[in-house]
Amino acid sequence: MSVFRILLSILAVFHALFAGFTALAGAFANGGEIWERLLLMLLHPLGAAGVLVLVLAPRLPRIANFTIAAVVLVVVIADLVLAQRIAAGAVKGDWELAVVFSAVPAVSIVYAMCLVWTSGATGE
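Sequence positions are assigned chain by chain, starting from 1 and proceeding in written order. Reporting in this predicted model follows two pLDDT cut-offs: at least 70 for local features of residues, and 80 or more for side-chain atom pairs to be given and counted; totals over whole chains, interfaces and linings ignore these cut-offs and use all residues. Side-chain metrics in this entry use all non-hydrogen atoms of the structure; hydrogen atoms and water are not considered.

**Quick notes on the overall build of the protein**
Quick note on the threshold: Numbering of helices and strands starts at the N terminus; helices are DSSP runs of H or I of at least 4 residues and strands are runs of E of at least 2. Radius of gyration here uses only the C-alpha atoms, and the compact-globule reference equals 2.2 Å multiplied by the residue count raised to the power 0.38. For every residue, the accessible area obtained with a 1.4 Å probe (protein chains only) is divided by the maximum for its type, and the residue is called buried under 20%, exposed over 50%, and partly exposed between those limits. Note on definitions: a residue-residue contact is assigned when non-hydrogen atoms from the two residues lie within 4.5 Å. Here the open area of atoms and residues is found with the Shrake-Rupley method and a 1.4 Å probe, where only the protein chains shown may cover a residue. Under this rule, positive means Lys or Arg and negative means Asp or Glu; His and the chain ends count for nothing. For charged residues, the charge sits on one atom: NZ in Lys, CZ in Arg, CG in Asp, CD in Glu.
Counting its regular elements, the protein contains four helices and zero strands. Reading the protein from its N end, one meets helices and strands in the order α-α-α-α. For the protein, the C-alpha radius of gyration of 15 Å lies close to 14 Å, the compact-globule estimate for 124 residues. Along the longest, intermediate and shortest principal axes, the C-alpha atoms of the protein span 50 × 25 × 20 Å. The buried share among the 124 residues of the protein stands at 34%. Taking contacts inside the protein between residues at least 6 apart in sequence as the whole, the part at least 24 apart equals 72%. Of the roughly 7,200 Å² of accessible surface on the protein, a fraction of 75% belongs to carbon and sulfur atoms. If you average the places of the 6 positive and of the 6 negative side-chain charges in the protein, the two averages end up 8 Å apart.

Here it is as structure tokens:
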């Protein structure tokens, strides 16, 4: 589990930087609908922060792990829906970028569930 945590920590830092810089750039970009901007400037940084909390504070209560996993799951679903809409031609953009944004959060969901399963019945 420690190797998984170390690898996810490295990925989480890069993902947080990527999400942060993209959110800053998205704030100044023209075009796009409001839900696309919310995904770019609110959900991505929120999901990246959740992943960082998950790997930097591994002894969270089970409910915190579930909550972070739920927030990150919303980010992953939103990114995959956006990727599908871009691929279908309904929205302009690169569908590959939306899939890239969902990669680290998707792995962090697995990590969160591993933490929940290994925490035992005590709820620690």
